[in-house]
Amino acid sequence: MLPNPLALITEITHRCPLHCVYCSNPLEMQKAAAELSTEEWVRVFREAGKLGVLHLHLTGGEPLARTDLTELISGARTAGLYVNLITSGIGLSEARLAALVEAGLEHIQLSFQDSREAEANEIAGTRGHAYKLQLSRLIRQFKIAFTINVVVHRQNLDHLADIITMAEELGPDRLEIANVQYYGWALRNRDLLLPTRQQVEQSQQTVAAAEERLRGRMRIDFTAPDYYARYPKACMGGWGRRLLLLDPAGQVLPCHAAGVLPGMRFDNVREHPLDWIWRESAAFQRFRGEDWMPEPCRSCERRTEDFGGCRCQAFLLTGDAAATDPVCTLAPTHGVVEQALNQISAGAVPSSIPPVPANWIYRPNPGAMSE
Amino acid sequence: MPAPDPNSKPRLAAGCRWAEANGSERMLMFPEGALRLQGTGREILERCDGQRSVQQIVDEMQAQYKTGESGRIEQEVSKFLESLQQKRIVDF
């Protein structure tokens with residue numbers, strides 16, 4: 001029997017004051033005019049609650065760019081959902097935070113780009129670091145769960161110990177340290193972001209020591225870079241198995257990046273009930289279960305653990321969305337990943353941001369894009 | 001990690017709450033997930049109200065489960081609360 005989805009991730013807008021070089025939004029972003037209305041979002045939250053969804057993750061773009069965020073939060077709570085806000089914090093005043101908490105916000109995840117201000121601002125393409133520090137102290141005064149998120153990569157992994165110390169001083173309940181995943185914007189910037197093997201090994205030791213030291217005070221969640229793993233990640237807990245993602249215009253996808261897959265049609269909550277999209281839509285059924293799997297996945301013992309890895313990564317690196325995720329050391333196409341790693345260790349790509357502005361490809365603000 | 005002080009008063013951490021999902025089943029919601037607890041786990045956690053001390057929770061559990069050895073119940077409550085604190089679900 002098909003299980004209920006556990007979580008709903010909503011990109012409520014693609015507008016954002018930051019331009020992070022590894023943004024998880026698609027390269028083709030939705031414009032403000034295409035966004036679902038307040039009423040449409042609240043209806044979707046009710047449908048999600050009925051479908052058995054437990055957690056709602058409000059993300060973007062920058063969700064604070066929606067002026068109706070307070071109404072969205074209270075609508076989601078009324079629908080019985082647990083409400084988490086994933087934010088850069090830019091634009092969040094004390095009064096607005098108080099209103100969000102009053103409306104029922106339960107958990108806030110605040111992103112940092114680095115512990116060093118200049119580097120953080122370079123990655124974000126915005127001067128936001130100093131404000132994030134101030135905001136963290138403000139958040140701690142409210143009775144909500146607080147997580148600091150830091151995306152790590154070659155340019156900041158050498159400061160990981162400082163990043164952990166920074167978080168420790170700001171006092172969140174959790175610190176999430178996630179290695180960049182290479183889709184969309186991050187894939188375009190991969191030569192500047194992919195860490196070295198030495199950095200990866202060092203970071204694992206740094207995290208293990210910090211976990212030991214901070215046990216009971218600050219929980220650390222660490223996501224290793226899958227390019228260096230032996231086996232792929234269980235992307236989204238399996239295609240159409242646990243999660244639904246809505247883009248700003250109401251398209252429902254199994255993950256952040258699935259829009260890149262060719263020949264896929266993603267249904268919209270403006271046209272179909274969420275329940276139907278989850279159970280019946282072609283997109284959610286496309287890679288659900290094991291029928292689509294090629295060898296070596298089909299006969300692999302791990303197929304019920306990692307579900308063949310990530311379909312988007314398979315497509316982006318091999319051109320075939322139904323291939324075994326090439327990060328898997330058993331995949332026939334694993335060579336494409338090894339080649340990328342060899343380039344890093346051979347120094348064929350710059351090892352750090354050059355003194356002149358690096359060739360970052362920044363994510364634009366869709367509100368500011370010309371037609 | 002020291003065992004919780006018998007006089008401390010455990011309570012649910014910020015961002016953690018009970019929820020009745022789909023009508024009947026009571027779940028503990030927290031930022032990364034939800035726990036469906038039954039039996040003693042649920043009985044202990046339901047007593048983490050910021051009013052009762054660890055000692056009181058142990059006493060109440062002992063009164064309820066008269067057959068249990070007193071030392072074992074104390075140890076189990078303590079271990080359970082410690083693991084929930086590490087998950088940032090309980091504060092004391």
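Residues numbered from 1 in each chain as written. Chains lettered and ligands numbered in written order. Predicted model: local features only at pLDDT ≥ 70, side-chain atom pairs only at ≥ 80, totals over all residues. Heavy atoms only, no water.

Draft legend 1. Structural view of the overall build of chain A. Counting its secondary structure elements, chain A contains 14 helices and nine strands. In summary, chain A has a C-alpha radius of gyration of 20 Å against a globular reference of 21 Å for 371 residues, a match within 12%. A principal-axis box enclosing the C-alpha atoms of chain A has dimensions of 55 × 50 × 50 Å. Per-residue burial over chain A gives 56% buried out of 371 residues. Across chain A, every contact between residues at least 6 apart in sequence was considered, and the portion connecting residues at least 24 apart equals 74%. About 15600 Å² of surface is accessible on chain A, with carbon and sulfur atoms providing 50% of the total. Side-chain charges of chain A comprise 37 positive and 43 negative groups, with the mean position of each set lying 2 Å from the other. (Helix = DSSP H or I, 4+ residues; strand = E, 2+ residues; numbered from the N terminus. Rg over C-alpha atoms; globule rule 2.2 N^0.38 Å. Buried < 20%, exposed > 50% of the residue type's maximum accessible area, 1.4 Å probe, protein only. Contact = heavy atoms within 4.5 Å. Areas by Shrake-Rupley, 256 points an atom, 1.4 Å probe, with all protein chains shown as cover. Lys, Arg positive; Asp, Glu negative; His and termini not counted. Charge placed at Lys NZ, Arg CZ, Asp CG, Glu CD.)

Draft legend 2. Looking closely at the overall build of chain B. A tally of helices and strands in chain B yields three helices and five strands. Along chain B, from the amino end to the carboxyl end, the secondary structure elements read β-β-β-β-α-α-α-β. Considering only residue pairs separated by 6 or more positions, chain B has 56% of its internal contacts joining residues 24 or more positions apart. Just so you have it, chain B exposes about 5000 Å², and 44% of that area is on carbon and sulfur atoms.

Draft legend 3. Quick look at unusual backbone geometry. Gly60 of chain A connects to Gly61 of chain A through a cis peptide bond whose omega is 15 degrees. Examined against the element boundaries, Gly61 of chain A turns out to sit in the loop between strand S2 (55–59) and helix H2 (69–78). Between Glu295 of chain A and the following residue, Pro296 of chain A, the backbone shows a cis peptide bond with an omega angle of 5 degrees. Along the polypeptide, Pro296 of chain A turns up in the loop between helix H11 (282–286) and helix H12 (303–306). Positioned with a positive phi, Met236 of chain A is a non-glycine residue whose angle comes to about 55 degrees. Turning to its location among the elements, Met236 of chain A is positioned in the loop between strand S7 (219–223) and strand S8 (243–246). A positive phi is found at Arg88 of chain B, a non-glycine position, where the angle reads about 60 degrees.

Draft legend 4. Expanded view of the interface of chain B and chain A. Across the contact, 18 residues belong to chain B and 18 residues belong to chain A. Summed over both sides, the interface between chain B and chain A buries roughly 1600 Å², with carbon and sulfur atoms accounting for 52% of that surface. Broken down residue by residue, the surface that chain B buries against chain A is led by Arg17, Pro31 and Arg88 of chain B, which jointly contribute 37%. At the boundary of chain B with chain A, the tally comes to four salt bridges. Arg17 of chain B serves as the salt-bridge partner of Glu106 of chain A, at 2.4 Å between the closest nitrogen and oxygen. (Buried area = accessible area lost by both parts, 1.4 Å probe. Salt bridge = Lys/Arg side-chain N within 4 Å of Asp/Glu carboxyl O.)

Draft legend 5. Here's a closer look at the pattern of salt bridges. Residues and elements named next belong to chain A. Following the criterion strictly, the structure yields 29 salt bridges over all chains and no others. Note that Arg213 is salt-bridged to Glu168, the shortest N-O span being 2.9 Å. Here Glu168 lies in helix H6 (residues 160–170) and Arg213 lies in helix H9 (residues 197–214), a separation of 45 residues in the sequence. Overall, Arg213 belongs to the partly exposed group, its relative accessible area being 45%. With a closest N to O distance of 3.5 Å, Glu212 and Arg215 form a salt bridge. Given a relative accessible area of 52%, Glu212 falls into the exposed group. By sharing partners, the salt bridges in this structure join Arg15, Glu35, Arg66 and Asp68 into a single network.

Draft legend 6. Structural detail: the nonpolar core. Residues and elements named next belong to chain A. Judged by nonpolar contacts, the single largest core of 60 residues is most densely connected at Leu8, Phe45, Leu58, Ile108, Leu244, Leu246 and Leu274. Apart from the residues within four sequence positions on either side, Leu244 is in contact with Pro5, Ala7, Leu8, Ile9, Leu51, Val53, Val252, Leu253, Leu274, Trp278 and Phe284. One finds Ile9, Cys235, Leu243 and Met264 within the second-largest nonpolar core, a separate group that totals 24 residues. (Core = buried A, V, L, I, M, F, W, Y, C linked by side-chain atoms within 4.5 Å.)

Draft legend 7. Examining helix H2 (residues 54–64) of chain B more closely. When H2 of chain B is considered as a whole, its buried residues turn out to be Val54, Ile57, Val58 and Met61 of chain B. End-on, the buried residues of H2 of chain B take up no more than an arc of 100 degrees, which puts them together on one face. (Arc of directions from axis to C-beta.)

Draft legend 8. Representation of the environment of Cys297 of chain A in the model. All names here are of chain A. The topology assignment puts Cys297 in the loop between H11 and H12. Along the primary structure Cys297 and Phe307 are separated by ten residues, whereas in three dimensions their C-alpha atoms are 8.0 Å apart. Those residues in contact with Cys297, other than ones at most four positions away along the chain, are Arg303, Gly308 and Thr324.

Draft legend 9. Geometry of the confidence of the model for chain B. All names here are of chain B. Residues of chain B with pLDDT of at least 70 account for 89%, and the chain-wide mean is 87. The spread of mean pLDDT over the elements of chain B runs between strand S2 (residues 17–21), the lowest at 82, and strand S1 (residues 11–12), the highest at 96. In the model output, the complex is listed with pTM 0.94 alongside ipTM 0.90. (pLDDT = per-residue confidence, 0-100.)

Draft legend 10. View of the sheet that holds strand S3 (residues 82–87) of chain A. Residue and element names in this part refer to chain A. With mixed pairing, nine strands are arranged side by side in an open sheet as S7-S6-S5-S4-S3-S2-S1-S8-S9. The sheet terminates laterally at S7 and strand S9 (252–253), the two strands that pair on one side only. One ladder, built from six bridges, connects strand S4 (residues 107–112) with strand S5 (residues 145–152); its direction is parallel. The partner of His107 across the bridge, within S5, is Ala145. Here H6 sits on the sheet and contacts S4, S5 and strand S6 (174–179); the angle it forms with S5, its principal contact strand, is near 165 degrees. (Pairing = 2+ DSSP bridges. Axes fitted to C-alpha atoms, helices over the stretch in contact; angles between N-to-C directions.)

Draft legend 11. Region of interest: the environment of Ala120 of chain A. Mapped onto the elements of the fold, Ala120 of chain A is located in helix H4 (residues 117–124). With near-sequence residues (within four places) excluded, Ala120 of chain A lies in contact with Gln113, Asp114 and His129 of chain A.

Draft legend 12. Local environment of the side chain of Asp91 of chain B. Residue and element names in this part refer to chain B. Among the structural elements, Asp91 can be located in strand S5 (residues 90–91). In terms of polar contacts, Asp91 uses its side chain to reach the side chain of Arg88, at 3.3 Å. Ignoring sequence-local partners within four residues, the contact set of Asp91 consists of Lys9, Pro10, Arg11 and Ala13. (Polar contact = N/O pair within 3.5 Å; in protein donor to acceptor, adjacent residues only side chain to side chain.)

Draft legend 13. Quick peek at helix H13 (residues 311–318) of chain A. Looking at H13 of chain A, one finds that the buried residues are Arg311, Cys312, Gln313, Ala314 and Leu317 of chain A. Buried residues in H13 of chain A make contact with helix H7 (184–188), helix H8 (190–193) and helix H14 (335–345) of chain A.

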